[in-house]
Amino acid sequence: MKRSKDDSDVSPLSEDDDYVPYVPLKERRKQKLYAIRQALGNLAYSEPTESDHEDATATVDNTTEKKTPDGPALSSSTLGQTNGEADGQETAGPKAKGSLFDTMWELKKQAEEKRETERDKKLKEEALILNSVTEKTALKGVGEIAMGIHYDKPIQTGWRPAPWLENQSEEKSEQIRKRYRILVEGEAVPPPIRSFAEMCLPRVVVEELRSRGIVKPTPIQMQGLPAVLSGRDMIGIAFTGSGKTMVFALPILMFALDQESKIPFLPSEGPYGLILGPSRELARQTQDVLTHLAFKLARAGYPEVRIGLCIGGMAVKDQVDSFRRSGVHILVATLVASSIC
């Protein structure tokens, strides 16, 4: 038989020794928040307690009054506040100018400025100089910049657009560009031309393009061909397969044709035009297009235009000998091979 636990065996102090009074969660949060604000010195947001009122009363009673020469007596606490405002000191709390985040950001910025070395400053200055030079001398070579050569006129060419296109208003040109989504930058940009016949190209060239299914020019050709045929420097950007090759191939072929008709090329002369391709395949493809058009022009009675090819994988001596024997009007090459040829 189990014996029941006697109440007299339990000490009345055994449970009270480890007893911790329960503090509600809301009150604990308030105490923790008050402790944090007191540690930061930002007591403006805290709720005053009875002890705070007693301390404040004692502080007011203990302040000493000082008389000013021209005014009423001021307490020491008032003088301290006045001096702080005169010195430009910022107080904590809602009256402070800027937050802690702003102060931290300013200190971090000052630290980064101190870490900046003289070398970094020189690099920045050089970058600014290069940018200014690039903006003022766009599309110029290093040798031209060094010699101080300045181009104020486009290359003189024998090409002229149709009279009605020369007199076309800028508003009309902008309407055409907007319709075909053509974006241009520059001064006195030539008007876009919407047909190869209006570009005053030889009829045999227009017929050859039509036989290949090229009836109407693409947007890059509408604006690019008139610009290059006018002798203007141009940088063209368009999608793959939009006909960029024809934009520089046709004008350079027309220029070489004009030069050959005026002053025939002698052996070892040339090239008049240089086309650089990023790969052998693209360079060979460009040379095939130019050679075919030059052949069609020669059959139609135009002067012969010779196209040279300089790429890797071919004997350099054979390529150079062919140039010296007959001269070359247009040279198509890759970047590395062009320096060898």
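All figures in this text were calculated on a predicted structure; none of them were measured in a lab.

Draft legend 1. Summary view of the overall build of the protein chain. Scanning the protein chain for helices and strands turns up 14 helices and five strands. A buried classification covers 24% of the 341 residues belonging to the protein chain. Summed over its atoms, the accessible surface of the protein chain is roughly 25,700 Å², and 55% of this surface lies on carbon and sulfur atoms.

Draft legend 2. Quick peek at the pairing of strand β5 (residues 330–334). In terms of burial, β5 is a largely internal element, five of the five residues being buried. Here β5 shows no split at all, with Ile330, Val332 and Thr334 on one side and Leu331 and Ala333 on the other all buried. Pairing of strand β4 (residues 307–310) with β5, which is carried by four bridges, proceeds in the parallel orientation. Counted as the bridge partner of Cys310 is Ala333 from β5.

Draft legend 3. Looking closely at a nonpolar patch on the surface. On the surface, Leu274, Leu276, Leu335 and Val336 cluster together into a nonpolar patch covering about 420 Å² of accessible area. Of all the secondary structure elements, the ones that give two or more residues to the nonpolar patch are β3 (273–277) and α14 (335–340). Examined against the element boundaries, Leu276 turns out to sit in strand β3.

Draft legend 4. Region of the structure containing the UniProt feature "short sequence motif: Q motif" (unreviewed entry) in the protein chain. Mapped onto the present numbering, the UniProt feature "short sequence motif: Q motif" (unreviewed entry) falls at residues 194–222. Across residues 194–222, helical content stands at 45% and strand content at 0%; the span's end C-alpha atoms are separated by 6 Å.

Draft legend 5. Main features of helix α9 (residues 203–211). Along α9, the residues classified as buried are Val204, Val205, Val206, Glu208 and Leu209. Buried positions along α9 lie against α11 (244–262) and α12 (280–299). After α9 finishes, the residue Gly213 shows a positive phi value of roughly 85°.

Draft legend 6. Representation of the pairing of β4 within the structure. Side chains of β4 alternate between two faces, with Ile307 and Leu309 and Gly308 and Cys310 buried alike. Since β4 and β5 lie parallel, the crossover through helix α13 (residues 316–326) that links them has a hand, and here it is right-handed.

Draft legend 7. Main features of the confidence of the model for the protein chain. Predicted confidence across the protein chain gives a mean pLDDT of 76, with 69% of residues reaching 70 or more. The lowest-confidence element of the protein chain is helix α3 (residues 76–86), averaging 44 in pLDDT; the highest-confidence one is helix α10 (residues 219–229), averaging 94. Contacts from residues 5–15, a stretch scored under 50 in pLDDT, to residues over four places away or in other chains number one contact. For the stretch residues 58–95, pLDDT sits under 50, and the model shows 25 contacts to residues farther than four places along the chain or on other chains.

Draft legend 8. Up close: the side chain of Glu260. Within the secondary structure, Glu260 is located in helix α11. Among the polar contacts listed, one links the side chain of Glu260 to the side chain of His329, at a separation of 2.5 Å. Once residues lying within four places of it in the same chain are set aside, the contact partners of Glu260 are Phe265, Pro303, Glu304 and His329.

Draft legend 9. Representation of the sheet that holds β4. What the three strands build is an open sheet, ordered β3-β5-β4; its pairing is parallel. Lying at the two open borders of the sheet, with one neighbouring strand each, are β3 and β4. Taken over all neighbouring pairs, the strand axes of this sheet differ in orientation by 20° on average, direction set aside. Most of the contacts of α12 go to β5, to which it runs at about 165°, and overall it touches β3, β4 and β5.

Draft legend 10. Local environment of the side chain of Arg306. Mapped onto the fold, Arg306 is located in the loop between α12 and β4. In this structure Arg306 is buried but unpaired, with Glu304 as the nearest side chain of opposite charge at 4.1 Å. Setting aside chain neighbours within four positions, we find Arg306 in contact with Phe265, Ser326, Gly327, Val328, His329 and Ile330.

Draft legend 11. The arrangement of a negative patch on the surface in detail. A contiguous patch of negative charge on the surface is contributed by Asp102, Glu106, Glu112 and Glu113. Mapped onto the elements, Glu113 comes out in helix α4 (residues 100–115).

Draft legend 12. Examining the nonpolar core more closely. Membership of the largest hydrophobic core comes to 34 residues, with the highest contact counts inside it found for Leu253 and Ile330. Taken together, the elements giving at least two residues each to this core come down to α9, α10, α11, α12, β4 and β5. Ranked by the residues each element gives to this core, the list is headed by α11, at eight residues. Ignoring sequence-local partners within four residues, the contact set of Leu253 consists of Leu290, Leu293, Ala294, Leu297, Val305 and Ile330. Judged by nonpolar contacts, the second largest core, of five residues, contains Cys310, Phe323, Val328 and Ala333.

Draft legend 13. Spatial organisation of unusual backbone geometry. Along the chain, Gly270 connects to Pro271 via a cis peptide bond; the corresponding omega equals 5°. Take Pro271: it is sitting in the loop between α11 and β3. Within the chain, Ala188 stands out as a residue other than glycine whose phi angle is a positive 50°. Structurally, the position occupied by Ala188 is in the loop between α8 (170–179) and α9. One non-glycine residue, Ser268, lies in the positive phi region at around 75°. Here Ser268 falls in the exposed class, since its relative accessible area comes to 52%.

Cut-offs used in this document
- Residues numbered from 1 in each chain as written.
- Predicted model: local features only at pLDDT ≥ 70, side-chain atom pairs only at ≥ 80, totals over all residues.
- Heavy atoms only, no water.
- Helix = DSSP H or I, 4+ residues; strand = E, 2+ residues; numbered from the N terminus.
- Buried < 20%, exposed > 50% of the residue type's maximum accessible area, 1.4 Å probe, protein only.
- Areas by Shrake-Rupley, 256 points an atom, 1.4 Å probe, with all protein chains shown as cover.
- Pairing = 2+ DSSP bridges.
- Patch = residues over 30% accessible without salt bridge, like charges linked within 9 Å, V, L, I, M, F, W, Y side chains within 5 Å.
- Salt bridge = Lys/Arg side-chain N within 4 Å of Asp/Glu carboxyl O.
- UniProt positions renumbered as here; feature names shortened; annotations may be inferred.
- Contact = heavy atoms within 4.5 Å.
- Right-handed = clockwise from strand over helix to strand, strands pointing away.
- pLDDT = per-residue confidence, 0-100.
- Polar contact = N/O pair within 3.5 Å; in protein donor to acceptor, adjacent residues only side chain to side chain.
- Axes fitted to C-alpha atoms, helices over the stretch in contact; angles between N-to-C directions.
- Lys, Arg positive; Asp, Glu negative; His and termini not counted.
- Charge placed at Lys NZ, Arg CZ, Asp CG, Glu CD.
- Core = buried A, V, L, I, M, F, W, Y, C linked by side-chain atoms within 4.5 Å.

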